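Residues per chain are reported as follows:
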Amino acid sequence: MPQKILAGRATDPQLRGDLVQVKVDQVILSRAPSRALAEAIATGMKKTPVEVAVAYDGTCVADASSLADTDEGSPHSVSPEFPTYNIPIARPGIGFPAPVHLERFAAPARLALTDDPRLATVGGIGMLSLVVSPSQLGQALATGSAWLRPPRSVQIHLSGRVRPFVCARDVALELLRRNLDEVVRRIEGEHHAPVILEFAGPSARLLSVGDRAVLCGIAPQVGAAAALFVSDEKTEVFLRDQRRSKAHRALVPDPGAPCEEVVSIDLGTVDPLLMDEEGVVRPVRDLAGKPVAQVVLGGDSGVTLRDMLAAALLLKSKRVPSRLDLLVAPPSRQVLEVLAQSGALVDLVATGARIIEPDRRVVTSEIYPPPPGGLSLRTADPEPRIAGAPSFVVASAETLAYAVATGSVGDPRSFKRPVRVTVPRALPTDDVLILRDKKGEQVSTKKPPAAPAAVPWKGPLTLDVLAGVPKGNGRAAVGVRGRKAPGLAEPATPVADGDRAPAESTAASGVALVLSTLDEVRAVAERATDLSAVRAVVAPFVPSTAVSAFASEGIATFLVGAEALGSIKGQKSLELPAPAQWGDRVAAVFDGERVEVAWLATGMERSWTHAGTVRQPPIASKPAR
């Protein structure tokens, strides 16, 4: 199915070559909207030609820091001039980007580019969503097209029916427990191409679009580029309920279409599961009886409207234990209205719930973090697990409801009987919080954001080596590219030269990050636009989408064997030859020790790396005679 979507939009329908140019239908701006707009303006954009482009402002809880970021034109802020470029703004309070986009904008058999891995959930409606860097998003906004690697597919065959008190969240956790990440990593290593999960089988067509979105949300956690469901009658009903019937298109795989591997799962064998604080998926009974201090019901993934209604019914007439905080974060404004109209919101409030705003920092635990020494249960997918990051337990909405009712972890099947939930068909679809351009009205006179200057690779380079994900919020230190960069003083994993002053060592050449896990790679890829001092990434596995995103920011990505990783971490410096000497293998020198590393960029990605940007250089005018 992903090949069908790309082939219909590619200049080469056969999808030959390392990269192919494809037409983009939608651009979703979430994590660094102003940076993407700046890149598009630098390319010469007046109005974006893409079918749908939306910028999500996820800062609902304003504080001094967020207001300062907006005033200073931070790359992560959303300025008022977006609508003048035909890019509507989803204002704060509308909900989290992933569920809102699924309801209001996502369309089957289309291609969307985004900077937020959590938008993988829109694959539940049959839309292919790929994560790229803000600079690549800028090119898509300006030209309506992008260069992408042709993907490979892994089919997940679903059969059987889920039992009572087993939700789509449990099925997603079961897929994680079956080591789907190892399958993705092996196929990536064989083909050096993005891997997309395709859900198929008789039970795939029985799932609602909401349940499908929950399953697609696991793609980033296993290293996959995206996940995709068929577009069928269920999809058409969902779009009709959203009053967007015209957006429907059928999408089914061709008979006998090849895939790299098939993973089968019987839904009838899935038990209530949870992901513990270490990231290990276990049956709920393994933690039974453990006291719970905080429950966050909702968020941007892992929960559907049906799950929210079921939790409210299970908690009706219950009371929150004295040592437990129940926080409810409705995924979208539509869900909040349905909860209010059905009376479920009243039941939750009567239970003792606190309704919190859909701020992007809720899912990252920057606000409402897990209490120290207490257990926090949540429905949303976790951010990449790195050293020092807040940790919590992920479980289904019904498991969370049992924890609220009893004050401890337990199997939701201990409830007397399952609840019957009726999801209303008449859903509120008023887009009052979507800010669009009005003809003849000047939205803003503020100067548009400027794209940062590219820093090309010139000659041999010596980089400081840091192990792990850098700490810091980017407001203290200035990196080598002249932009605000996160403080690189303390890496997540200490290195041998930890006493050195990073401001002196990084000012001239930059930093090479040595990363051990997929979560570390994901965390750095999501912050690549902020880590301006980083010039190279060395890891035993880097997904193809991250390689492309790094290359577009001028960051070289190198593959190193797991056996050499330990010795590299303890080194102080990395010497790289001149870019003209780079090939598939590069002779790197770590503190005088020569190590052969594989350069993962391919095709045009290599020229992006050397140029430090995907922007094309301006054409020099001919001198007058």
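Residues numbered from 1 in each chain as written. Predicted model: local features only at pLDDT ≥ 70, side-chain atom pairs only at ≥ 80, totals over all residues. Heavy atoms only, no water.

> Explanation requested: the pairing of strand β14 (residues 294–298) in the structure shown.
Along any regular strand the residues' side chains alternate between the sheet's two faces. The element β14 is extensively covered by neighbouring structure, given that 5 of its 5 residues are classed as buried. The sheet contact formed by β14 and strand β15 (residues 325–329) spans 5 bridges and is parallel. Bridge pairing in β15 places Leu297 opposite Val328. A crossover connection joins β14 to the parallel β15 through helix α10 (residues 305–314); in handedness this β-α-β unit is right-handed. Sheet analysis places β14 next to strand β17 (residues 376–378), joined by 3 bridges and oriented parallel. (Buried < 20%, exposed > 50% of the residue type's maximum accessible area, 1.4 Å probe, protein only. Helix = DSSP H or I, 4+ residues; strand = E, 2+ residues; numbered from the N terminus. Pairing = 2+ DSSP bridges. Right-handed = clockwise from strand over helix to strand, strands pointing away.)

> Explanation requested: unusual backbone geometry in the structure shown.
Peptide bonds are mostly trans, and most non-glycine residues show a negative phi. We note that His192 has phi near 50°; this positive angle belongs to a residue other than glycine. With respect to the element layout, His192 can be found in the loop between α7 (180–191) and β9 (195–200). We note that Asp591 has phi near 50°; this positive angle belongs to a residue other than glycine. Structurally, the position occupied by Asp591 is in the loop between β28 (585–590) and β29 (593–599).

> Is there a simple way to explain the sheet that holds strand β8 (residues 152–159) in this structure?
Paired through backbone hydrogen bonds, the strands of a sheet run either parallel or antiparallel to each other. Here 4 strands make up an open sheet; going across it, the order is β10-β9-β8-β11 and the pairing parallel. At either end of the open sheet lies a strand with only one pairing partner, and these are β10 (226–228) and β11 (261–266). Adjacent strand axes in the sheet meet at a mean angle of 20° when their direction is disregarded. In this structure, β8 lies alongside β9, joined through 6 bridges in parallel fashion. Looking across to β9, one finds that His157 is bridged to Ala200. (Axes fitted to C-alpha atoms, helices over the stretch in contact; angles between N-to-C directions.)

> Just checking my understanding: could you explain the side chain of Asp25 for this structure?
Within the secondary structure, Asp25 sits in the loop between β1 (20–23) and β2 (26–29). The residues contacting Asp25, other than those within four sequence positions of it, are Arg9, Val50, Glu51, Val52, Arg110 and Leu111. (Contact = heavy atoms within 4.5 Å.)

> What exactly am I supposed to notice about the side chain of Ser548 here?
For Ser548, the location among the structural elements is in helix α17 (residues 544–552). Separated by 3.5 Å, the side chains of Ser548 and Glu605 make a polar contact. Ser548 has contacts with Gln136, Glu605 and Trp608, leaving out every residue within four places of it along the chain. (Polar contact = N/O pair within 3.5 Å; in protein donor to acceptor, adjacent residues only side chain to side chain.)

> Quick question: what am I supposed to make of helix α18 (residues 562–569) here?
Helical geometry: 3.6 residues make up each α-helical turn, so side chains three or four residues apart lie on a common side. Within α18, the full set of buried residues consists of Ala564, Leu565 and Ile568. Considered in projection along α18, the buried side chains sweep an arc of 120° and stay on one side of the axis. Residues of α18 that are exposed and angled more than 90 degrees away from the buried face: Glu563 and Gly566. (Arc of directions from axis to C-beta.)

Interpretation note: all reported values are geometric properties and have no functional meaning in isolation.
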